[in-house]
Amino acid sequence: MTGIPENTEQEQMQNAAAHQEELIANMIHDLKDGLSHGILVANLTGLLAVRLGLEERDVYSLKLAGFLHDVGKLKLSQYLYGRNTEALSIEQVKYMRMHAKISHDYLRQFDFEDDVLETVLRHHECYDGSGYPDNLSGNDIPYGARILKVADEFAALISERPYRRAFDIDTAVDIMIEQIKNMDMRVFLEFQRMIHEPETLKLIEESKIQLDESDIRAILGI
Ligand SMILES: [Fe+2]
Ligand SMILES: [Fe+2]
């Protein structure tokens, strides 16, 4: 007996444990990000929908879609290693672009209304037809998804990313103007009107939640 097989086995176990720990760390990070992002998008989408004159029931559905729209990303944690760089690899982009459909398919198993599911599925469609999953354009994109998209883009820009600091509100709005072809202009203009109002700024502040790793581990029971 040389002992080599045991060492190899031990190494394999250590590697497996390290891999699992990395995966858990990734998932905790994504869950933390996902909850914060969901709360901010839900609140901004709801406020924007009220200002655009939607009925109470539709506002509620949109807030729900806003909270849940990226749930599919959590299922992709294991495929998205090495995100601390500015650009995702082609493979990672491919997976990333599946998340709207994955969110939709996951939520469809539960009792969500069709308009919630449809908004989730369409939240990355772009007004000019350059979005995903189906390159829908203009009014073929459900109105709710066009509203959510504006709130979603803004929420992402004012949040910190592994590869960049958070943008301030004015810079975020400037960046959105550069990408206006992706959005419904009427929705964006209302968003631009509301964004500096005290009510909106207060809502953004109140949407910030503090969750540390131990909270998440407690939630997950690990
Ligand atoms: Fe998304
Ligand atoms: Fe999002």
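Look a little higher up for the structure.
Description of the structure in this document. Please read all numbers here as calculations on a predicted model, not as lab measurements.

## Re the overall build of the chain
- Tallying secondary structure elements over the chain gives eleven helices and zero strands in all.
- Reading the helices (α) and strands (β) of the chain from amino to carboxyl end gives α-α-α-α-α-α-α-α-α-α-α.
- Referenced to the eigenvectors of the C-alpha coordinate spread, the extents of the chain come out at roughly 75 × 35 × 35 Å.
- The proportion of buried residues among the 222 residues of the chain is 27%.
- The contacts of the chain with a sequence gap of at least 6 include a subset with a gap of at least 24, amounting to 66%.

## Description of the nonpolar core
- Judged by nonpolar contacts, the single largest core of 32 residues is most densely connected at L44, L48, I147, V150 and A151.
- Looking at this core, the elements with two or more residues in it are α1 (4–51), α2 (56–68), α5 (99–107), α6 (114–121), α7 (143–157) and α9 (185–194).
- For V150, the residues in contact, after removing those within four places along its chain, are L48, M183, V187, F188 and F191.

## Considering unusual backbone geometry
- Between Y132 and P133 the backbone carries a cis peptide bond, its omega angle lying at 10 degrees.
- With respect to the secondary-structure elements, P133 resides in the loop between α6 and α7.
- Despite not being glycine, N135 shows a phi value in the positive range, around 50 degrees.
- In this fold, N135 is placed in the loop between α6 and α7.
- Judged by C-beta crowding, with 12 C-beta atoms within 10 Å, N135 ranks as exposed.

## With respect to the environment of A49
- Tracing the chain through its elements places A49 in helix α1.
- With 26 C-beta atoms counted inside 10 Å, the residue A49 sits in the buried group.
- Separated by 136 residues in sequence, A49 and M185 have C-alpha atoms that sit 14 Å apart.
- Beyond its immediate chain neighbours, meaning those up to four positions away, A49 contacts L54, D58, V59, L62 and I147.

## Side note on the packing of α2 against α6
- One can describe the packing of α2 onto α6 by two numbers: an axis separation of 9 Å at closest approach and a directional angle of 45 degrees. When the interaxial angle is binned, α2 and α6 end up oblique. Once α2 is placed against α6, the crossing between them reads as right-handed. Within the contact between the two elements, α2 uses S61, L62, L64, A65 and L68 and α6 uses D115, V116, T119 and V120.
- Residue classes in the contact of α2 with α6 are distributed as six nonpolar, two polar and one charged.

Reading the values: rules and limits
Residues numbered from 1 in each chain as written. Chains lettered and ligands numbered in written order. Predicted model: local features only at pLDDT ≥ 70, side-chain atom pairs only at ≥ 80, totals over all residues. Helix = DSSP H or I, 4+ residues; strand = E, 2+ residues; numbered from the N terminus. Buried ≥ 20, exposed ≤ 12 C-beta atoms within 10 Å, placed from the backbone. Contact = placed C-beta atoms within 7 Å. Core = buried A, V, L, I, M, F, W, Y, C linked by C-beta atoms within 7 Å. Axes fitted to C-alpha atoms, helices over the stretch in contact; angles between N-to-C directions. Parallel < 35°, antiparallel > 145°, perpendicular 65-115°, else oblique. Left-handed = near helix turned anticlockwise from the far one by under 90°. Nonpolar A, V, L, I, M, F, W, Y, C, P; charged D, E, K, R; others polar.

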